[in-house]
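Survey of secondary and tertiary structure
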Amino acid sequence: FLVIRVSDNGRGIPEAVDKGGLPSGRWGIVGMRERARQLGGTLRLRQGAKGGTDAELRVPARRAYVRFWTT
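None of the values given here were measured: they were computed from a predicted structure.

Time to look at the overall build of the protein chain. Tallying secondary structure elements over the protein chain gives three helices and three strands in all. Secondary structure of the protein chain in N-to-C order comes out as β-α-α-β-β-α. Out of the 71 residues in the protein chain, the part that is buried amounts to 21%. Within the protein chain, contacts between residues separated by at least 24 positions form 56% of all contacts whose residues are at least 6 apart in sequence. Total accessible area on the protein chain stands at roughly 5800 Å², and carbon and sulfur atoms take up 53% of it.

Right, dumping it as structure tokens:
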């Protein structure tokens, strides 16, 4: 797997979004989850332990890494 983790110390995300909901007037998180799913991966967002947001993207290695050479 390729795993990317990003954290911030901002205001965090609303609980409804944390559980997979759609914030009013926003499509970015939904689009990111759809793109992760298209790659066979997942996007997980949650409130950080000390505030802010923790995000984790997991994509299978076979989809994340492309060979640019021939053997």
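Now that the structure has been shown, we can carry on.
Time to look at the pairing of strand β2 (residues 42-47). Sheet topology places β2 next to strand β3 (residues 53-59); six bridges connect them, and they run antiparallel. Among the inter-strand pairings, Thr42 is bridged to a residue of β3, identified as Arg58. From the end of β2 to the start of β3, which pair antiparallel, there are five residues, and Gly51 there has a positive phi angle of about 95 degrees.

On to helix α2 (residues 28-38), then. Of the residues making up α2, those classed as buried are Ile29, Gly31, Arg33 and Ala36. Of the residues flanking the end of α2, it is Gly40, one or two places downstream, whose phi is positive at about 80 degrees.

So, about the environment of Ile13. With respect to the element layout, Ile13 can be found in the loop between β1 (2-7) and α1 (15-18). Overall, the relative accessible area of 14% leaves Ile13 in the buried class. As a C-alpha pair, Ile13 and Asp54 span 41 residues in sequence and 9.3 Å in three-dimensional space.

So, about the environment of Lys50. Inspection of the secondary structure assignment puts Lys50 in the loop between β2 and β3. In the structure, Lys50 is positioned 42 residues away from Asp8 in sequence and 9.7 Å away in space, judged by C-alpha atoms.

Its location among the elements puts Glu56 in strand β3. Since its relative accessible area comes to 10%, Glu56 is described here as buried. Side-chain polar atoms of Glu56 contact the side chain of Arg5, separated by 2.7 Å. Setting aside its immediate chain neighbours within four residues, Glu56 contacts Val3, Ile4, Arg5, Thr42, Leu43 and Arg44.

The full count for this structure, using the stated rule, is zero aromatic pairs. Over the ring of Phe1 we find Arg58; its NZ or CZ atom is 4.7 Å from the centre of that ring.

Parameters at a glance
- Residues numbered from 1 in each chain as written.
- Predicted model: local features only at pLDDT ≥ 70, side-chain atom pairs only at ≥ 80, totals over all residues.
- Heavy atoms only, no water.
- Helix = DSSP H or I, 4+ residues; strand = E, 2+ residues; numbered from the N terminus.
- Buried < 20%, exposed > 50% of the residue type's maximum accessible area, 1.4 Å probe, protein only.
- Contact = heavy atoms within 4.5 Å.
- Areas by Shrake-Rupley, 256 points an atom, 1.4 Å probe, with all protein chains shown as cover.
- Pairing = 2+ DSSP bridges.
- Polar contact = N/O pair within 3.5 Å; in protein donor to acceptor, adjacent residues only side chain to side chain.
- Phe/Tyr/Trp six-rings, centres within 6.5 Å; stacked < 30°, edge-to-face > 60°.
- Lys NZ or Arg CZ within 6 Å of the ring centre and 35° of its normal.

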